[in-house]
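# Report on the structure
Okay, here's what each chain looks like letter by letter:
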Amino acid sequence: LTLAILDGLVVTVAQERFVIPTFSVRESLRPQAEQVHTVNGAPKMVRVRDRLLPLLWLSEFFGLSTPPINPLASTIVVIEEDHRRLGLVVDTLVGKQEVVVKPLGETFAGVAGVEGGAILGDGRVGLILDAHGIVDRVAHLRSIENQRRDAGVDGHLNGWHMESLTSVLDAL
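In short, a report on the structure. (Residues numbered from 1 in each chain as written. Predicted model: local features only at pLDDT ≥ 70, side-chain atom pairs only at ≥ 80, totals over all residues. Heavy atoms only, no water.)

Regarding its fold elements, the chain presents three helices and 13 strands. Out of the 172 residues belonging to the chain, those deemed buried represent 43%. In the chain, once contacts between residues fewer than 6 apart in sequence are set aside, the share between residues at least 24 apart is 57%. (Helix = DSSP H or I, 4+ residues; strand = E, 2+ residues; numbered from the N terminus. Buried < 20%, exposed > 50% of the residue type's maximum accessible area, 1.4 Å probe, protein only. Contact = heavy atoms within 4.5 Å.)

Here you go:
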């Protein structure tokens, strides 16, 4: 029997728990108003250490709920994958925890942004996030939106408005 254990940052999003591997986390912050930048009137970027980073609401990414209008009431976890940084907007930080990685099986093997699951210290189940999968999924959505825009199709894709998605991905 082989067990995989990882250090993770446990966060909540829409009452759900997620574990972000600490090797992907660069920092977390509660942004000030002057750090948040808008695109087409909506908050889409955050300035961290003189670098403008795109924001991605995990609630929107996983289809859990409508993202909050104001990221100032949320926490931003900055992740990095392949030298690309992204600010994940989460509701709260629970804390750092070592977790045993549980594979999700073939049914969930293709879920972008999810590496596995874990039973947390309080007995709740949390999904372990995959930074590489999240960044790749966002890039894939951008590719689809670019194709739709080139074909003259307006609208939304999986909760993303085209201009919002483009602004997020342009900063990656």
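From this point, things continue past the structure.
Let us look at the pattern of salt bridges. The final tally for this structure, using the stated rule, is six salt bridges. A salt bridge links Arg49 to Glu27; the shortest N-O distance between them is 3.1 Å. Linking Arg49 in the loop between strand 5 (42-48) and strand 6 (51-57) with Glu27 in strand 3 (residues 25-29), this pair joins segments that are 22 residues apart in sequence. Taking the shortest distance from any N to any O, the salt bridge between Asp136 and Arg84 comes out at 3.6 Å. Of this pair, Asp136 sits in helix 2 (residues 131-150) while Arg84 sits in strand 8 (residues 84-90), and the two are 52 residues apart along the sequence. (Salt bridge = Lys/Arg side-chain N within 4 Å of Asp/Glu carboxyl O.)

Strand order in the open sheet made by the five strands is 9-1-2-11-10, with mixed pairing throughout. Of all the strands in the sheet, just strand 9 (92-100) and strand 10 (114-119) have a single pairing partner and so form its edges. The mean angle between the axes of side-by-side strands here comes to 35°, regardless of whether they run parallel or antiparallel. Pairing geometry for strand 10 and strand 11 (residues 125-129), over five bridges, is antiparallel. Within strand 11, the position partnered with Ile119 by the bridge is Val125. (Pairing = 2+ DSSP bridges. Axes fitted to C-alpha atoms, helices over the stretch in contact; angles between N-to-C directions.)

In this section: the pairing of strand 1 (residues 5-13). Burial analysis of strand 1 places seven of its nine residues in the buried class, which makes it a mostly covered element. Pairing of strand 1 with strand 9, which is carried by eight bridges, proceeds in the antiparallel orientation. The residue of strand 9 that forms the bridge with Thr12 is Thr92. For strand 1 and strand 2 (residues 16-21), the ladder comprises six bridges, and the chain directions are antiparallel. Along strand 2, the bridge assignment pairs Gly8 with Pro21. Turn length for the strand 1-strand 2 hairpin, with the two strands adjacent in sequence and antiparallel, is two residues, and the turn residue Ala14 shows positive phi of about 50°.

We now examine a nonpolar patch on the surface. Nonpolar side chains collect at one region of the surface, where Leu104, Phe108 and Val111 lie side by side and expose about 230 Å² of accessible area between them. Mapping Leu104 onto the fold places it in the loop between strand 9 and strand 10. (Patch = residues over 30% accessible without salt bridge, like charges linked within 9 Å, V, L, I, M, F, W, Y side chains within 5 Å. Areas by Shrake-Rupley, 256 points an atom, 1.4 Å probe, with all protein chains shown as cover.)

Moving on, we come to the nonpolar core. Among the nonpolar cores identified, the biggest contains 19 residues, and Ile20, Val77, Leu88 and Ile134 are the most heavily contacted of them. For this core, the elements supplying multiple residues, two or more each, are strand 1, strand 2, helix 1 (58-61), strand 7 (75-81), strand 8 and helix 2. In terms of residues, this core owes the most to one element, helix 2, which gives four residues. When sequence neighbours within four positions are dropped, the list of residues in contact with Leu88 reads Ile20, Leu56, Leu58, Thr75, Ile76, Val77, Ile79 and Ile134. (Core = buried A, V, L, I, M, F, W, Y, C linked by side-chain atoms within 4.5 Å.)

It is worth spelling out the sheet that holds strand 5 at this point. Ordered by their spatial adjacency, six strands build an open sheet running 3-7-8-6-5-4, and the pairing between neighbours is mixed. Of all the strands in the sheet, the pair left with one neighbour each is strand 3 and strand 4 (36-39). Direction aside, the axes of adjacent strands within the sheet are offset by 35° on average. Pairing between strand 4 and strand 5: four bridges, direction antiparallel. Residue pairing for strand 5: Val36 is matched across the bridge by Val46. Here helix 2 sits on the sheet and contacts strand 6, strand 7 and strand 8; the angle it forms with strand 8, its principal contact strand, is near 95°.

Bear in mind that shape data such as this cannot, by itself, settle questions of function.
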